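In case you want the letters, here they are:
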Amino acid sequence: MLKKIANSAIVFMSLGIMALHRNFSKPIQVSDLMLPQPEPEVYEPIVVLELFTSQGCSSCPPADILLDKVKSEFDYSVFPLSYHVDYWNYIGWKDPFSKSKYTQKQRAYNVKFKNRSNYTPQIVVNGMEHFVGSNTSKLYDAINDYSKEKTTNKVYLTKAWSDEKSVSFEYDISGSIKDRTLRAVLVLNQRKTDVQRGENRNRKLTNSNIVVAEKTISVAGLGGKSFILIPEIVNPDEKISLVLLLDNKDYEITWAAKRKVPR
């Protein structure tokens, strides 16, 4: 009886050793290990407000004033930008800051939002939603909501310097750069204009955070350097800032950075 038990034990051990040998000789697959997938990196929230406006639109001044108010209240936690479109110029007043490329930019947003046409004042938040730019409650609700949303990128505007004609800068990016595009935006701090014709004739308008130039930069790596030209409309004594925006293929803004430009 003891011999039979001993023989059975020997057979069982042999089978176990053979099974172990087969398992160790089999290549280990990642799927076999069931390793957890790494979580994507997240960074602090940003809020970018892109206002599409015009000095030729009588409904726009309240939105311009609201954008300036937000700028003074939130300083570096919110990025207010004012894009002047050109489709109101036909009424009789040519907005000196208007550009057809900003109208085309607005059109791309409205195609995305399935909105039937461009309108002013229109505000776009982080490239994700839009509403009438003079709607105070909606704007503050949006700022509150997006201030809680983590982002998937971070851009470090490491250096910025200028000469008479251009602003040069260096940057670093954290997070995935797949399908990302970098926008360099040159922003004029403020300008007052005496409007002589059109819907706002005989009014003195104050515009803030005016986008006077924008340049798209292809992202080929996690760092780089570039420059943007200062347009003639900017006077030598006026304050300007540089804003970098990182977009994905759906026009969603995944990070923003800004720096005052010494002149």
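In the block above lies the structure referred to throughout.
What counts, and at which threshold
- Each residue is numbered by its place in its chain's sequence as written, counting from 1.
- At least 70 in pLDDT is required for a residue's local features to be given in this predicted model, at least 80 for side-chain atom pairs to be given and counted, and no such filter applies to totals for whole chains, interfaces and linings, which use all residues.
- The side-chain values count all of the structure's non-hydrogen atoms but skip hydrogen atoms and water molecules.
- A run of H or I in DSSP counts as a helix once it spans at least four residues, and a run of E counts as a strand once it spans at least two, with each numbered from the N terminus.
- Between buried and exposed lies partly exposed: a residue is buried under 20% and exposed over 50% of the maximum accessible area for its type, with that area taken using a 1.4 Å probe on protein chains only.
- Every residue pair with non-hydrogen atoms within 4.5 Å of one another is taken to be in contact.
- Reported accessibility uses the Shrake-Rupley method at a 1.4 Å probe radius. Residues are deemed covered only where the shown protein chains occlude them.
- Two strands qualify as a pair provided DSSP detects at least 2 bridges between them.
- Comment: axis = line fitted to C-alpha atoms, over the contacting stretch for helices; angle = value between 0 and 180 degrees taken between N-to-C directions.

Chemist: Provide a residue-level description of the overall build of the protein chain, including the pertinent values.
Modeler: Along its length, the protein chain carries five helices and eleven strands. Burial status across the protein chain gives 43% buried among its 263 residues. Long-range contacts, defined as pairs at least 24 residues apart, comprise 67% of the intrachain contacts of the protein chain with a sequence gap of at least 6. Of the roughly 15200 Å² that the protein chain leaves accessible, carbon and sulfur atoms contribute 55%.

Chemist: Describe the sheet that holds strand S5 (residues 154-162), with residues and values.
Modeler: As a general point, the strands of a sheet are linked pairwise by backbone hydrogen bonds and lie either parallel or antiparallel. If you walk across this open sheet you meet the three strands as S5-S6-S9, and the pairing is antiparallel. Only two strands of the sheet have a single partner each, and these edge strands are S5 and strand S9 (223-229). Within this sheet the neighbouring strands show an average axis-to-axis angle of 25°, counted without direction. Two strands pair when backbone bridges link them, and S5 and strand S6 (residues 166-174) are joined in this way by eight bridges, in the antiparallel orientation.

Chemist: Now, about the side chain of Thr53: what can you tell me, with residues and values included?
Modeler: With respect to the secondary-structure elements, Thr53 resides in strand S1 (residues 47-53). Under the relative-accessibility criterion, Thr53 is labelled buried at 0%. Not counting chain neighbours up to four residues away, the residues in contact with Thr53 comprise Cys60, Asp64, Ser82, Tyr83, His84, Val85 and Thr120.

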